[in-house]
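Given next are the chains, with one letter for each unit.
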There are 2 protein chains.
Amino acid sequence: MPRVSQDHLDARRQQILDGARSCFARHGYEGATVRRLEDAIGLSRGAIFHHFRDKESLFLALAEDDAQRMAAVVAEQGLVQVMRDLLTGPSGQRTAGEVPPAAWLGTRLEVSRRLRTDPDFQARWAERSQQLTIATRNRLLRQREAGKLRDDIDVDVLTSFLELVLEGLISYLAKGLPADDLEPVLDLVEESVRRHRREAS
Amino acid sequence: MPRVSQDHLDARRQQILDGARSCFARHGYEGATVRRLEDAIGLSRGAIFHHFRDKESLFLALAEDDAQRMAAVVAEQGLVQVMRDLLTGPSGQRTAGEVPPAAWLGTRLEVSRRLRTDPDFQARWAERSQQLTIATRNRLLRQREAGKLRDDIDVDVLTSFLELVLEGLISYLAKGLPADDLEPVLDLVEESVRRHRREAS
């Protein structure tokens, strides 16, 4: 029964990614030893590296998986909502398989750190890093068609603006700076890309 | 002649800070060994640590010195101009004693890294980190009095907004991401805090 077998493989793969995510978030890339990965995942190294060639491949698969799921949130709710979730936890019902913002932040911080320190990683990551940008841009294009977006500024500029703010927010949270007063700042960010209703002055 | 003596001390102190700045920016905090500091500054360790108790004190004095000078730029030209300088180099005539943006970025990145990894440093830095915020807030208050700032959003929110974007920009540059297309993004940031002239729609 190849169908069951594929389901089994998929479930096993997901189990590995979920365990690895919490392990990398907690210990960082270097600190996530094979022994710790075994403990967090609940499988032997043989089973883990049957699915992923090595630790680097596992981390990249994880980062890619996160980026894909985050891109799905962006498509539905926009990048500002992703930022709000980072501040306050996700709004409303969590869907199955959704990445908790804190776990996603952990992976993202680890990506940031390795981008600064590891040129090989930088090259491998470059191909995979466009997903969030593309999802953000597509969402903005749809918002513009719906008449909700300001139309005096290029969509690429608005996309870069939102990504720059997200980058700042991630950096804030990474430093442990207080971010609980940032809700009205995100309101301003959202308003800055929307079609305006304020009176001219 | 105590006057001359004080001038001499001040000049020596500045020589140490300038050399240390380039040394920390190039090698990072841990990599800036005493030997490298001697080379970069052109003084013996005895002379250096006559002026500063230890490497930590030297780094904090440097970060404080940078923050003070950066606050002076903010007071005169605003935080968005600081960001523009980070992208393109300083505009117009450089004044004597001004910190080049690249050198300031180096110190700032080192501060960011140590904030994440060193709780003691976090405590010592907290007292000193408010200068740029205060300078930004004061500048915005003056702009509001002059009728140039939007008046429907609290100045603290606008200050946090600008600081968040700066944080993102620093993180971008730290990762070596392309930042040369960010000029129009900074135009949008600047416009977002200004009194608007766009027509309502």
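- An unreviewed UniProt entry lists chain A under the name TetR family transcriptional regulator, with Tamaricihabitans halophyticus given as the organism.

**Comments concerning the overall build of chain A**
Logical step 1: Looking only at helices and strands, one finds 10 helices and zero strands in chain A.
Logical step 2: Counting across all 201 residues of chain A, residues that qualify as buried make up 47%.
Logical step 3: Accessible area for chain A stands at about 10,000 Å²; split by element, carbon and sulfur atoms hold 49% of it.

**Considering the side chain of Gln143 of chain B**
Residue and element names in this part refer to chain B.
Logical step 1: Within the secondary structure, Gln143 sits in helix α8 (residues 131-145).
Logical step 2: Note on Gln143: relative accessible area 17%, which makes it buried.
Logical step 3: Once you skip the residues sitting within four places of it in the chain, Gln143 turns out to touch Lys148 and Leu149.

**Brief notes about the UniProt feature "domain: HTH tetR-type" (unreviewed entry) in chain A**
Logical step 1: With numbering matched to this structure, UniProt assigns "domain: HTH tetR-type" (unreviewed entry) to residues 10-70 of chain A.
Logical step 2: Secondary structure across residues 10-70 of chain A comprises 87% helix and 0% strand; the distance between its end C-alpha atoms is 20 Å.

**Structural notes on the interface of chain B and chain A**
Logical step 1: Residue-level contacts link 35 residues of chain B with 35 residues of chain A.
Logical step 2: Here chain B meets chain A over a buried area of about 3,500 Å², counting both sides, of which 60% is carbon and sulfur.
Logical step 3: Counting across the chain B and chain A interface gives two salt bridges.
Logical step 4: Taking the shortest distance from any N to any O, the salt bridge between Arg150 of chain B and Glu191 of chain A comes out at 3.0 Å.
Logical step 5: The interface formed by chain B and chain A contains five residue pairs in polar contact (both at pLDDT 80 or more).
Logical step 6: Listed by contribution, the elements that provide at least two residues to the side of chain B that touches chain A are α6 (101-117), α9 (155-174) and α10 (183-193) of chain B.
Logical step 7: Sort the elements by how many residues they give to the side of chain B that touches chain A and α9 of chain B lands first, with 13 residues.
Logical step 8: Considered class by class, the residues forming the side of chain B that touches chain A number 16 nonpolar, eight polar and 11 charged.

**Comments concerning the nonpolar core**
Logical step 1: Within the largest apolar cluster, 68 residues are counted, with the highest numbers of intra-cluster contacts made by Phe161 and Leu162 of chain A together with Phe161 and Leu162 of chain B.
Logical step 2: Excluding residues within four positions of it along the chain, Leu162 of chain B makes contact with Leu79, Val80, Met83, Thr136, Leu140, Val189 and Val193 of chain B.
Logical step 3: Listed in part, the 23 residues of the second largest apolar core include Cys23, Tyr29, Leu37 and Phe121 of chain B.

**Some details on the pattern of salt bridges**
All names here are of chain A.
Logical step 1: This model, assessed by the stated rule, comprises 30 salt bridges over all chains.
Logical step 2: Measuring nitrogen to oxygen at the nearest pair gives 2.9 Å for the salt bridge that ties Arg84 to Asp187. A residue pair is termed long-range when its members are at least 10 positions apart, and Arg84 in helix α5 (residues 79-88) and Asp187 in helix α10 (residues 183-193) qualify at 103 residues.
Logical step 3: We classify Arg84 as buried; its relative accessible area is 13%.

**So, the confidence of the model for chain A**
All names here are of chain A.
Logical step 1: Residue-level pLDDT values for chain A average 84, and 87% of them are 70 or greater.
Logical step 2: Least confident of the elements in chain A is helix α6 (residues 101-117), whose mean pLDDT is 73; most confident is helix α2 (residues 34-41), at 96.
Logical step 3: For this predicted complex, the interface confidence score (ipTM) comes to 0.80, while the overall pTM stands at 0.81.

**Thoughts on the UniProt feature "DNA-binding region" (unreviewed entry) in chain A**
Logical step 1: UniProt records the feature "DNA-binding region" (unreviewed entry) at residues 33-52 of chain A, using the numbering of this structure.
Logical step 2: A distance of 15 Å separates the end C-alpha atoms of residues 33-52 of chain A, which is 75% helix and 0% strand.

**Looking at the environment of Arg113 of chain A**
Residue and element names in this part refer to chain A.
Logical step 1: Positionally, Arg113 belongs in helix α6.
Logical step 2: For the pair Arg113 and Gly28, spaced 85 residues apart in the sequence, the C-alpha separation amounts to 9.5 Å.
Logical step 3: Not counting chain neighbours up to four residues away, the residues in contact with Arg113 comprise Tyr29 and Glu30.

**Observations regarding α10 of chain A**
Logical step 1: Burial in α10 of chain A covers these residues: Val185, Leu186, Leu188, Val189, Ser192 and Val193 of chain A. Down the axis of α10 of chain A, the buried set is contained in an arc of 155 degrees. They therefore lie on one face.
Logical step 2: The elements touched by buried residues of α10 of chain A are α5 and α9 (155-174) of chain A together with α9 and α10 of chain B.

**Some details on the relation of the copies chain B and chain A**
Logical step 1: The transformation that overlays chain B on chain A combines an axial shift of 0.0 Å with a rotation of 180 degrees, and the residual RMSD is 0.0 Å. Taken together, the rotation and translation describe the operation of a two-fold axis. Of every C-alpha in chain B, the one belonging to Gly168 of chain B sits nearest the axis of rotation, 1.7 Å from it.

**Some points on the packing of aromatic side chains**
In this description, a pair of aromatic rings is defined by centroid distance and the angle of the planes.
Logical step 1: Across all of its chains, the model carries nine aromatic pairs over all chains by this definition.
Logical step 2: Relative to Phe59 of chain A, the ring of Tyr29 of chain A has its centre 5.5 Å away and its plane inclined at 75 degrees; by these criteria the two rings are edge-to-face. With Tyr29 of chain A in helix α1 (residues 2-31) and Phe59 of chain A in helix α4 (residues 55-77), the pair connects residues that are 30 residues apart, well separated along the chain.
Logical step 3: Exposure remark for Phe59 of chain A: the relative accessible area of 0% places this residue in the buried category.
Logical step 4: An aromatic cluster of three or more residues is present, and its members are Phe24, Tyr29, Phe59 and Phe121 of chain A.
Logical step 5: Positioned over the ring face of Tyr29 of chain B is Lys55 of chain B, at 4.5 Å from the centre of the ring.

Reading the values: the criteria
- Residues numbered from 1 in each chain as written.
- Chains lettered and ligands numbered in written order.
- Predicted model: local features only at pLDDT ≥ 70, side-chain atom pairs only at ≥ 80, totals over all residues.
- Heavy atoms only, no water.
- Helix = DSSP H or I, 4+ residues; strand = E, 2+ residues; numbered from the N terminus.
- Buried < 20%, exposed > 50% of the residue type's maximum accessible area, 1.4 Å probe, protein only.
- Areas by Shrake-Rupley, 256 points an atom, 1.4 Å probe, with all protein chains shown as cover.
- Contact = heavy atoms within 4.5 Å.
- UniProt positions renumbered as here; feature names shortened; annotations may be inferred.
- Buried area = accessible area lost by both parts, 1.4 Å probe.
- Salt bridge = Lys/Arg side-chain N within 4 Å of Asp/Glu carboxyl O.
- Polar contact = N/O pair within 3.5 Å; in protein donor to acceptor, adjacent residues only side chain to side chain.
- Nonpolar A, V, L, I, M, F, W, Y, C, P; charged D, E, K, R; others polar.
- Core = buried A, V, L, I, M, F, W, Y, C linked by side-chain atoms within 4.5 Å.
- pLDDT = per-residue confidence, 0-100.
- Arc of directions from axis to C-beta.
- Least-squares fit on C-alpha atoms with pLDDT ≥ 70 in both.
- Phe/Tyr/Trp six-rings, centres within 6.5 Å; stacked < 30°, edge-to-face > 60°.
- Lys NZ or Arg CZ within 6 Å of the ring centre and 35° of its normal.

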